[in-house]
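Fold and contact review
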Amino acid sequence: MITEADIEEGARSVTLDGATIDGLDVEFAQDQMTLRAAQLSYGVLSLRDVVVEGTLRAEGGVPVFDATRIEPSSFATNLIPPLINQFLGMLANDWHVEDLRVEPGQLVLLVRPT
């Protein structure tokens, strides 16, 4: 099980040279994950009211996030989905994810040991 708080904590631990995310809120609901950030800064670029929304699936034994909406669209915000996938892969590293489902407040992984 991966909670909204797990993703929020993971985002604080991810370091991307020059990038900062402030006011991050993650929500699992209605078969999708939504990330909202009050501000995303990357070098001289500073974006407010960032939204990244998408669906989740299991593929190749790992959870995969497919972004369906990124606002505003920019170089910096387009880096977010690959970072989410990297983080989800790290969380499920000890397991082979056969399937998953989104429930209010959490992502439930159906797994077997690797």
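Residues numbered from 1 in each chain as written. Predicted model: local features only at pLDDT ≥ 70, side-chain atom pairs only at ≥ 80, totals over all residues. Heavy atoms only, no water.

1. Looking at the overall build of the protein
Applicable threshold: Per the convention used, a helix needs a DSSP run of H or I reaching at least four residues, while a strand needs a run of E reaching at least two, with both numbered from the N terminus. Radius of gyration: over C-alpha atoms. The globule rule applied is 2.2 Å multiplied by the number of residues raised to the 0.38 power. Throughout, exposure labels follow a simple rule: accessible area from a 1.4 Å probe, protein chains only, divided by the maximum for the residue type, with under 20% read as buried, over 50% as exposed, and the rest as partly exposed. All accessible areas in this document rest on Shrake-Rupley with a 1.4 Å probe, and a residue is counted as covered only by the protein chains that are shown. Charge assignment in this entry is limited to Lys and Arg as positive and Asp and Glu as negative, and neither His nor the chain termini are counted. For this purpose, a charge sits on NZ of Lys, CZ of Arg, CG of Asp or CD of Glu.
The secondary structure content of the protein amounts to three helices and eight strands. Counted from the first residue to the last, the protein has its helices and strands arranged as β-α-β-β-β-β-β-α-α-β-β. Computed over its C-alpha atoms, the radius of gyration of the protein comes to 14 Å, within 12% of the 13 Å expected for a compact globule of 114 residues. Principal-axis analysis of the C-alpha atoms gives the protein an extent of 45 × 30 × 20 Å. The buried share among the 114 residues of the protein stands at 36%. Taken as a whole, the protein presents about 6500 Å² of accessible surface, with 50% of it coming from carbon and sulfur. The average position of the 7 basic charges and that of the 18 acidic charges among the side chains of the protein differ by 2 Å.

2. Observations regarding the confidence of the model for the protein
Condition: A residue's pLDDT is simply how confident the predictor is in it, with values from 0 to 100.
Confidence along the protein averages 89 in pLDDT terms, with 95% of residues attaining 70 or more. Taken element by element, the predicted model of the protein shows its lowest mean pLDDT in strand S2 (residues 19–22) (81) and its highest in strand S6 (residues 62–71) (97).

3. Section: the pairing of strand S5 (residues 45–59)
Note the cut-off: For two strands to be treated as a pair, DSSP must find at least two bridges joining them.
Inspection of the sheet shows strand S4 (residues 32–42) paired to S5 by nine bridges, in the antiparallel sense. The partner of leucine 35 across the bridge, within S5, is valine 52. Between S4 and S5, which follow one another and run antiparallel, lie two residues, and glycine 43 among them has a positive phi close to 60 degrees. Summarising the sheet, S5 and S6 pair through nine bridges and their orientation is antiparallel. Counterpart to glutamate 53 in the pairing with S6 is arginine 69. Taking the residues between adjacent antiparallel strands as the criterion, S5 and S6 are bridged by two residues, where glycine 60 takes a positive phi near 65 degrees.

4. Digging into the nonpolar core
Nonpolar side chains tend to gather and get buried jointly when the protein is soluble and globular. Short version of the rule: For the purposes of this section, nonpolar cores are sets of buried Ala, Val, Leu, Ile, Met, Phe, Trp, Tyr and Cys residues that join through side-chain atoms within 4.5 Å. The criterion used for residue contact is that any of the two residues' heavy atoms lie within 4.5 Å.
Among the nonpolar cores identified, the biggest contains 25 residues, and Ile7, Met33, Leu35, Leu56, Leu88 and Leu107 are the most heavily contacted of them. Of all the secondary structure elements, the ones that give two or more residues to this core are strand S3 (25–29), S4, S5, helix H3 (80–91), strand S7 (95–103) and strand S8 (106–113). Beyond its immediate sequence surroundings of up to four residues, leucine 107 is in contact with Met1, Ile2, Phe28, Leu56, Leu88, Leu100, Arg101 and Val102.

5. Quick word on the pattern of salt bridges
Quick reminder of the rule: Every case where a carboxyl oxygen of Asp or Glu lies within 4 Å of a side-chain nitrogen of Lys or Arg is listed as a salt bridge.
If you walk through the whole model with that rule in mind, you get seven salt bridges. Its salt-bridge partner being arginine 69, residue glutamate 53 comes within 3.7 Å of it at the nearest N-O pair. Here glutamate 53, found in strand S5, pairs with arginine 69, found in strand S6; they are 16 residues apart in sequence, far enough to count as distant. In this structure, the salt-bridge partner of glutamate 98 is arginine 112, at a minimum N-O distance of 2.7 Å. Of this pair, glutamate 98 sits in strand S7 while arginine 112 sits in strand S8, and the two are 14 residues apart along the sequence. Residue arginine 112 is classed as partly exposed on the basis of its relative accessible area, which comes to 40%. Here the salt bridges do not stand alone but share partners, grouping Glu53, Arg69 and Glu71 into one network.

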